[in-house]
Amino acid sequence: MTRSRNLALAASLAALAILFYAVTLVRMRESEDRRHLDDPKAHSAPAEPTSPKP
C-alpha cells in the first residue's frame, strides 16, 4: 500500500512539473509574439558601425 501511494505521489508531482513547464513555454511564446508585434525588428542584426575614413 505504501509503495502504490509513493508511486501515485511521484506520478502526480511529475505531471505537475510537466504542466508548469508547458505553461511556461506557452507564456514565453505569447510574450515573444507580442514583442514582435510592438517591434518587428526585435531580433534583427545591428547596423554595421561606420568608421570614419582617414
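Our structure is the block above this text.
Report on the accompanying structure. Going along each chain's sequence as written, the residues are numbered from 1 onward. Only residues with pLDDT of at least 70 are given local features in this predicted model, and only at 80 or more are side-chain atom pairs given and counted; all residues enter the totals for whole chains, interfaces and linings. Calculation of side-chain values draws on the structure's entire complement of heavy atoms; hydrogens and water are dropped beforehand.

### Brief notes about the overall build of the chain
Along the backbone of the chain there are one helix and zero strands. The buried share of the chain, taken over its 54 residues, is 2%. For the chain, the exposed surface amounts to about 5,500 Å²; the carbon and sulfur share of it is 64%. The helix and strand labels rest on DSSP assignments: H or I over at least four residues marks a helix, E over at least two residues marks a strand, and numbering proceeds from the N terminus. Partly exposed describes any residue whose relative accessible area lies between the buried limit of under 20% and the exposed limit of over 50%, with all areas from a 1.4 Å probe on protein chains only and scaled to the type maximum. Surface accessibility in these figures is a Shrake-Rupley result with a 1.4 Å probe; residues are shielded only by whichever protein chains are displayed.

### Describing a nonpolar patch on the surface
Only residues whose relative accessible area exceeds 30% and that form no salt bridge are eligible for patches; like-charged ones are grouped when within 9 Å, while nonpolar side chains (Val, Leu, Ile, Met, Phe, Trp, Tyr) are grouped when within 5 Å. Here, a salt bridge means any Lys or Arg side-chain nitrogen found within 4 Å of an Asp or Glu carboxyl oxygen. Together, Leu9, Leu13, Leu16, Leu19, Phe20 and Val23 give the surface a local cluster of nonpolar side chains, amounting to about 580 Å² of exposed area. Structurally, Phe20 is set in helix α1 (residues 2–38). What makes Phe20 exposed here is its relative accessible area of 52%.

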